[in-house]
Amino acid sequence: MVDPTLLGPVAGRVPDVARIAVLRANALGDFIFVLPALDALRAAYPQAELVLLGAPWHAKLFRDRPGPVDRVLVVPPAPGIRGRDPGEPESAMDDFLAAARTERFDLALQVHGGGANSNPVVNGLGARVTAGLRAEDAPPLDRWLRYVYYQHEVIRYLEVAALVGAPAITVLPSLAVTDADRGEARAVLGEPTRPRVALHPGATDTRRRWPAERFAEVARELTTDGYEVLVTGTPAEQEVVDRVVAAAGVPVRPQVGTLSLGALAACYAGCALVVSNDTGPLHLAAAVGTPTVGVYWVGNLINTGHPLRHRHRPIMSWTVHCPVCGVDCTPGLYPARPGDGECPHRDSFVTDVPTVEVVEAARELLAAGG
């Protein structure tokens, strides 16, 4: 149990709350970070219905899954909210908000970012009390905190929950794995004949990708140590998974698009370790209780690195200059400081992380787990 005062002041609870809306409609890793805030809301308002305003994948994930979310309302694609899924029909935000107002939400929370696009959506829900984050270009909510980029994501959203009287009960995201998840993973992967390790070499932002050849080196080392190595990826990451498999030179098992998100959670829960870039599957693995070794850019470590070291090892790159043009990419958030800020290149910022550091961290965690 977390000391309720540890993370700062906690406002009074809103009376007579029957239904709470929480807007968080972006990607997997982003959602994992909001789970402790949802747990806090569930504990503070145990009788209220907690409705996540999310994406279609949220609705699939939380169908028959234990956890703080009672129901998912799929919010339409909109700039700054979420992109359109392939084959998804068009729908208007105005129509969505009109229907959502009939739900008569008592609380509506924005934990989706700085609020320029998301605060108008939350204000449009017609809730008795709104709360959330606010950057300089965003409209206000009834209760709000200033959005500051460099803050750990979990703490950021716990501070929002505290605005409506929901103190933290944990700072560690946790996601339940169901029997259906395990059954699907078992049907695809079979029963393990030796301990499994999963590598995830993809990431949506290519600047966060450790070279595929380094993942292949890790695969060789851990296969030699006697582990069965899986290489996971989304269909969009097929090319980088293929590169890892080809460069490894040892038998590994690629898993691209073979598992649903729930089955991927079960797959990771059954692994002795997950080695990954800083991306959604890394944080999913930690949320289901699996030890992780993550490759991080220094700025991302501030916002998303796991706080514990007993079972998690973040390996950090200190690169701040673009490896292509040499631009110092750090001053973008600090305009009073000298430097160039942004550049158009998307080459990896984590290539300076040596393989030996990742392998040593992996072996240390595997030895501790054994």
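Quick note: structure is the one above.
Basis of the calculations
Residues numbered from 1 in each chain as written. Predicted model: local features only at pLDDT ≥ 70, side-chain atom pairs only at ≥ 80, totals over all residues. Heavy atoms only, no water. Helix = DSSP H or I, 4+ residues; strand = E, 2+ residues; numbered from the N terminus. Rg over C-alpha atoms; globule rule 2.2 N^0.38 Å. Buried < 20%, exposed > 50% of the residue type's maximum accessible area, 1.4 Å probe, protein only. Contact = heavy atoms within 4.5 Å. Areas by Shrake-Rupley, 256 points an atom, 1.4 Å probe, with all protein chains shown as cover. Expected span 1.5 Å × (residues − 1). Arc of directions from axis to C-beta. Pairing = 2+ DSSP bridges. Axes fitted to C-alpha atoms, helices over the stretch in contact; angles between N-to-C directions.

Concerning the overall build of the chain
Step number 1: If you tally the helices and strands in the chain, you get twelve helices and twelve strands.
Step number 2: For a compact globule of 370 residues, the expected C-alpha radius of gyration is about 21 Å, and the chain comes in at 21 Å, within 12% of that figure.
Step number 3: Each of the 370 residues in the chain was classed as buried or not, and the buried ones make up 54%.
Step number 4: Look at the contacts in the chain between residues 6 or more apart in sequence, and 61% of them connect residues 24 or more apart.
Step number 5: Approximately 16200 Å² of the chain is accessible, and the part contributed by carbon and sulfur atoms is 54%.

Brief notes about helix α12 (residues 355-369)
Step number 1: With 15 residues, α12 ought to run about 21 Å at 1.5 Å a step, and its terminal C-alpha atoms sit 21 Å apart, in line with that.
Step number 2: Every buried residue belonging to α12 is among Thr355, Val358, Val359, Ala361, Ala362, Leu365 and Leu366, and all of these are buried. Down the axis of α12, the sector holding all buried residues measures 165 degrees, keeping them to one side. For α12, exposure combined with an orientation more than 90 degrees from the buried face picks out Glu360, Ala367 and Ala368.
Step number 3: Elements that come into contact with the buried residues of α12 comprise β7 (196-200), α7 (212-224), β10 (273-277), β11 (292-297) and β12 (312-317).

Observations concerning the sheet that holds β7
Strand pairing in a sheet relies on backbone hydrogen bonds. The paired strands run either parallel or antiparallel.
Step number 1: Spatially, six strands are ordered β9-β8-β7-β10-β11-β12 in an open sheet, and the strand pairing comes out parallel. The outermost strands of the open sheet, each flanked by one partner alone, are β9 (253-256) and β12. Between one strand and the next, the sheet's axes are offset by a mean angle of 20 degrees, whatever the strand orientation.
Step number 2: Most of the contacts of helix α6 (residues 179-189) go to β9, to which it runs at about 130 degrees, and overall it touches β7, β8 (228-233) and β9.

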